[in-house]
Amino acid sequence: MIDRVRFAPSPTGFLHVGSARTALFNWLHARSTGGTFVLRVEDTDAERNRPELVSNLLAELEWLGLDWDEGPYHQSERRERHREVVEDLLGRGLAYLCDADNREVDGSSVTDGLAARFRMPVGQRVGFDDIVRGEVSFATDDLEDFVIWRSNGSPMFLLANAVDDADMRITHAIRGEDLLSGVPKVLLLLDAMGAPHPTYAHLPLLVNEQRKKLSKRRDDVSIADYRERGYLAEAMVNYLALLGWGPPDDVEIRPLHEIVELFRIEDVNKAPAFFDLKKLEHVNATHLRALPKDEFIERVGPWIDDAPWPADRFDPAIFSTMVDLVQEKLRTFGDTTRFVDFLFLEDPVDDADSWEKTMVKGRSAAEVLDGTAAAFADCAWEAGVLKDVVAEVGEGVGLKLGKAQAPLRVAVTGRTVGPPLFETMADFMERSEVLRRIARARARL
RNA sequence: GCCCCCAUCGUCCAGUGGCCUAGGACGCCGGCCUUUCACGCCGGUAACACGGGUUCGAAUCCCGUUGGGGGUGCCA
């Protein structure tokens, strides 16, 4: 029998990184074992039963490359089946109807205004063998009768979850540890239906710096936000795979297809993992550098289209050459424009920190600008020559090239950080424009 | 409160009784390279929460303590 796993998100309007990690681990298990990955939308709550919320979710899963084999099924479309199970339980006395004050009411069919509760057995212990956690058990005496059908005529999550897992013949329920304590109730429900138990694997939670479950309010948890900031899908899934799992050969940064080969759900750890943006950036930068130039240019397109310069000043040919100079310096696609914007902007940006650092606190800014302006006026317009000129001017005021080029760089590009300066000026900028920018900066001093 | 889970460098991962004077990665700190930044290279910092057992031997097994987290809805 082949394994059947499912990702069963509740549509909240966006894909949360924790959910993405759960989806990824389910997908990895399916792909690495030749199993089936089912997508099921848990929208029993009427509030969440909105198509546009679901389509966002699907789009992000597709972006991550997590393709599903079945579904998406919608729990909201299975209400009759859920009702049937509830009424069966009522008929057998395993559940009972109750009113708004939680008083038991006679009857064996669900009616408007009445909820149904599952009757918790007394004195039992419900246990299971979790793939990542081992043996886990709960005493039914610590649990209470729980609602399985709402008075508004809809099934509750646990009921729908149990019925759907059974009907869809799910063999492995791989999901977040926050759902661990709901397992005994589901098991009891499955037993009542005479359905087999799936094997559970509860993944450690993703936590923030305070070691609390990642929260929508305080933390950056939206996959879409990371995508928009210029993170690569391949970096995102690569990093997510590293939270709670590690490759046996210690090679952390690698393509998804290799992870599929190495992944085993039994190797997942139990301890919560901190979502470390610094490491994500490192993983992303590594994948970004590895992109072939053509592909980089194609994929960075949206950020270029969105750049702060006037569209008619942009020159694709210049940009293409600049890619050779800046691709290795970037951490995300979103970083790209600030490395090249000075070439396409009328005037360089005014970056306060850069100005402060070189023009105000730096030594001899005026002398360097005056000296280079004078020498640039009639020297050969070649990178090597420009470099020699700046080195010479620097020498005159006791600065090495590294320091001497700083004011010039800020005058021309607006920033202390950027591509190699002399090559860029010689190849892509007019002498007159460079002189204009030097003069412009000099006037501000 | 009650129930459940967790516990190796700041962080992620390795380690499943001897190969551990605990390994890799991110970060951080030095150095090299260098026209900035980055990359690359070299080096460094830094951990088995604590206390009892079991054993010839424990990061690895057991118990307890402490700490942290999750759950405890007619949300999922």
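What you are looking at is a predicted structure, and each value in this text was computed from that prediction instead of being measured.

Rules and cut-offs
- Residues numbered from 1 in each chain as written.
- Chains lettered and ligands numbered in written order.
- Predicted model: local features only at pLDDT ≥ 70, side-chain atom pairs only at ≥ 80, totals over all residues.
- Heavy atoms only, no water.
- Near = heavy atom within 4 Å.
- Polar contact = N/O pair within 3.5 Å; in protein donor to acceptor, adjacent residues only side chain to side chain.
- Nonpolar A, V, L, I, M, F, W, Y, C, P; charged D, E, K, R; others polar.
- Buried < 20%, exposed > 50% of the residue type's maximum accessible area, 1.4 Å probe, protein only.
- Helix = DSSP H or I, 4+ residues; strand = E, 2+ residues; numbered from the N terminus.
- Core = buried A, V, L, I, M, F, W, Y, C linked by side-chain atoms within 4.5 Å.
- Domains from an automatic or database assignment.
- Contact = heavy atoms within 4.5 Å.
- Buried area = accessible area lost by both parts, 1.4 Å probe.
- Salt bridge = Lys/Arg side-chain N within 4 Å of Asp/Glu carboxyl O.

1. Examining the protein's contact with RNA strand B
Around RNA strand B lies a shell of 63 residues, among which Arg-150, Arg-211, Lys-212, Lys-329 and Glu-423 are the nearest. Among all atoms of RNA strand B positioned within 4 Å of the protein, those belonging to sugar or phosphate total 74%. One of the side-chain N or O atoms of Lys-387 is found 2.9 Å from a phosphate oxygen in RNA strand B. Of the residues assigned to the surface near RNA strand B, the class counts are 22 nonpolar, 13 polar and 28 charged.

2. Quick notes on helix H5 (residues 183-193)
An α-helical segment advances 3.6 residues per turn. Residues three or four places apart therefore align on the same side. For H5, the tally of buried residues reaches eight of eleven residues, placing the bulk of the element in the interior. Looking at H5, one finds that the buried residues are Val-183, Pro-184, Val-186, Leu-187, Leu-188, Leu-189, Leu-190 and Ala-192. Immediately beyond the C-terminal end of H5, within one or two residues, lies Gly-194, with a positive phi of roughly 75°.

3. A look at the nonpolar core
Residues Leu-24, Met-236, Phe-275, Phe-376 and Met-425 are the most contacted members of the largest nonpolar core, which totals 97 residues. A total of eight residues in this core trace back to one element, the largest contributor, which is helix H1 (residues 17-33). When residues are assigned to domains, this core turns out to be shared by domain 1 (4-73 + 205-285) and domain 2 (293-444), each giving three or more. In this structure, Leu-24 is in contact with Leu-66, Val-237, Leu-240, Ala-241 and Leu-256, ignoring residues within four places of it in sequence. Judged by nonpolar contacts, the second largest core, of 34 residues, contains Leu-90, Val-110, Trp-149 and Leu-187.

4. Let's talk about the domain arrangement of chain A
Here the domain parsing of chain A yields domain 1 (4-73 + 205-285) and domain 2 (293-444). Each of domain 1 and domain 2 has a C-alpha centre, and these two points are 40 Å apart. Between domain 1 and domain 2, the residue contacts involve 13 residues of the former and seven residues of the latter. In total, about 670 Å² of surface goes out of reach between domain 1 and domain 2, with carbon and sulfur atoms giving 46% of it. Considering only the side of domain 1, the residues that lose the most area to domain 2 are Gly-230, Glu-281 and Ala-285, jointly responsible for 42% of the buried surface there. On inspection of domain 1 and its partner domain 2, the count reaches two salt bridges. Note that Arg-331 is salt-bridged to Glu-281, the shortest N-O span being 3.3 Å. Taken together, the connections running from domain 1 to domain 2 amount to six residue pairs in polar contact (both at pLDDT 80 or more). If you list the elements that add at least two residues to the side of domain 1 that touches domain 2, you get helix H6 (223-229), helix H7 (233-241) and helix H9 (277-290).

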